[in-house]
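Below are the chains, spelled out letter by letter.
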Amino acid sequence: VRVESSRLSEVTEVAAFVPFFAHDVGALDSDTVCAAPNVRMPLPQGYTFHVFISHYQANAADMAQRVKEHLEACGLRVWLDQNYFGNLNEEAMRRGIAQSKVFLLLLTKDALARDAVKMELAHALALQKPIQLVHETQPNLKSFCPFGEFITPD
């Protein structure tokens, strides 16, 4: 995945997450989650979380929860807004991004049109976080959007 902004041009290898999964990441309904379950992955110094999950609540809340559960089963600490009942505001989201090593965006229909998702992505870019994308590929789900629709011509 190539992430570019006026201050950043970095390549984050998707393979960075491969060791955490025993199978295709797209099979989130499987009980087989991780090659090394229940192993706590060390956190880099200065971080509270390995991954911050950004998503559009209306159509990707279930997907976000499943991704979180899979990553946690592989020993990663995950920040997800659904864990902050009643105490979630923009500052808490920004803090979660800052405290996370990687920013993971669930690329679903209308996600990039949401102010919260745009704010989170802009903050991750400003902090030069590695950015991972997870694209919904099931066309029968309401969260599906063909990948090409996320790409705008230069």
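The structure presented is a predicted model; accordingly, all values stated were derived computationally and were not measured.

By size, the foremost hydrophobic cluster in this structure holds 14 residues, and its most contacted members are Phe52, Trp79, Ile97, Phe103 and Leu105. Of all elements in the fold, only strand S3 (49-54), helix H2 (90-98), strand S5 (100-107) and helix H3 (115-126) reach the threshold of two or more residues within this core.

Our focus in this paragraph is the packing of H2 against H3. For the pair H2 and H3, the least separation of the axes is 10 Å and the interaxial angle reads 40°. The chirality of how H2 crosses H3 is right-handed. Contacts between H2 and H3 involve Glu90, Met93, Arg94 and Ile97 from the first element and Met119, Glu120, His123 and Ala124 from the second. Class assignment for the residues of the contact of H2 with H3 results in four nonpolar, one polar and three charged.

Within this structure, the stated rule accounts for two aromatic pairs. Residues Phe52 and Trp79 carry aromatic rings whose centres are separated by 4.5 Å and whose planes lie at 15° to one another, so their mutual orientation is stacked. Here Phe52, found in strand S3, pairs with Trp79, found in strand S4 (residues 78-79); they are 27 residues apart in sequence, far enough to count as distant. Here Phe52 falls in the buried class, since its relative accessible area comes to 0%. With a centroid separation of 5.7 Å and an interplanar angle of 10°, the aromatic rings of Phe52 and Phe103 are classed as stacked. Separated by 51 residues along the polypeptide, Phe52 in strand S3 and Phe103 in strand S5 bring together distant segments of the chain. Taken as a pair, Phe52 and Phe103 share a single burial class, namely buried.

Rules behind the numbers
Residues numbered from 1 in each chain as written. Predicted model: local features only at pLDDT ≥ 70, side-chain atom pairs only at ≥ 80, totals over all residues. Heavy atoms only, no water. Core = buried A, V, L, I, M, F, W, Y, C linked by side-chain atoms within 4.5 Å. Buried < 20%, exposed > 50% of the residue type's maximum accessible area, 1.4 Å probe, protein only. Helix = DSSP H or I, 4+ residues; strand = E, 2+ residues; numbered from the N terminus. Axes fitted to C-alpha atoms, helices over the stretch in contact; angles between N-to-C directions. Left-handed = near helix turned anticlockwise from the far one by under 90°. Contact = heavy atoms within 4.5 Å. Nonpolar A, V, L, I, M, F, W, Y, C, P; charged D, E, K, R; others polar. Phe/Tyr/Trp six-rings, centres within 6.5 Å; stacked < 30°, edge-to-face > 60°.

Keep in mind that these numbers describe shape and distance, not what the molecule does.
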